[in-house]
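Structure at a glance
For reference, the chains in residue letters:
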Amino acid sequence: MLVGARIENIGYYVGSDLYLGNAQAIAAVTQAIACIVLFAITWAFSLIAVFFVQEKDAVEAK
């Protein structure tokens, strides 16, 4: 839902006349793209982290 809303936001601004020469619209699109990129990086790190094994302390093993 987060990425879908950001893509919809980009579509509204870029697909309409609001984007042309409007600094606020350009900032909103830049922020939306940054959020999508950060979400993708976080998703990739969490996907990789699944495969790492955590070792238990020796105290807990007893």
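The rules behind the values
Residues numbered from 1 in each chain as written. Predicted model: local features only at pLDDT ≥ 70, side-chain atom pairs only at ≥ 80, totals over all residues. Heavy atoms only, no water. Helix = DSSP H or I, 4+ residues; strand = E, 2+ residues; numbered from the N terminus. Expected span 1.5 Å × (residues − 1). Buried < 20%, exposed > 50% of the residue type's maximum accessible area, 1.4 Å probe, protein only. Contact = heavy atoms within 4.5 Å. Polar contact = N/O pair within 3.5 Å; in protein donor to acceptor, adjacent residues only side chain to side chain. Axes fitted to C-alpha atoms, helices over the stretch in contact; angles between N-to-C directions. Parallel < 35°, antiparallel > 145°, perpendicular 65-115°, else oblique. Left-handed = near helix turned anticlockwise from the far one by under 90°. Nonpolar A, V, L, I, M, F, W, Y, C, P; charged D, E, K, R; others polar.

As for helix 2 (residues 23-49)
Since the α-helix turns once every 3.6 residues, residues separated by three or four places project in the same direction. With 27 residues, helix 2 should reach 39 Å at 1.5 Å per residue; the first-to-last C-alpha distance of 39 Å fits that figure. For helix 2, every residue scored as buried is listed here: A25, A28, V29 and A32. The inward-facing, buried residues of helix 2 contact helix 1 (2-15). Capping the start of helix 2, N22 holds a side-chain oxygen 3.2 Å from the backbone nitrogen of Q24, two or three residues further along.

Regarding the packing of helix 1 against helix 2
Here helix 1 crosses helix 2 at 155°, and the two axes come no closer than 9 Å. Considering their axes alone, helix 1 and helix 2 lie roughly antiparallel with respect to each other. Crossing hand, helix 1 versus helix 2: left-handed. On helix 2, the residues that touch L2, V3, R6, I7, N9, I10, Y13 and V14 of helix 1 are A25, A28, V29, A32, I33, C35, I36 and F39. Grouping the amino acids of the contact of helix 1 with helix 2 by side-chain chemistry returns 14 nonpolar, one polar and one charged.

What is shown is where atoms sit, not what they do.
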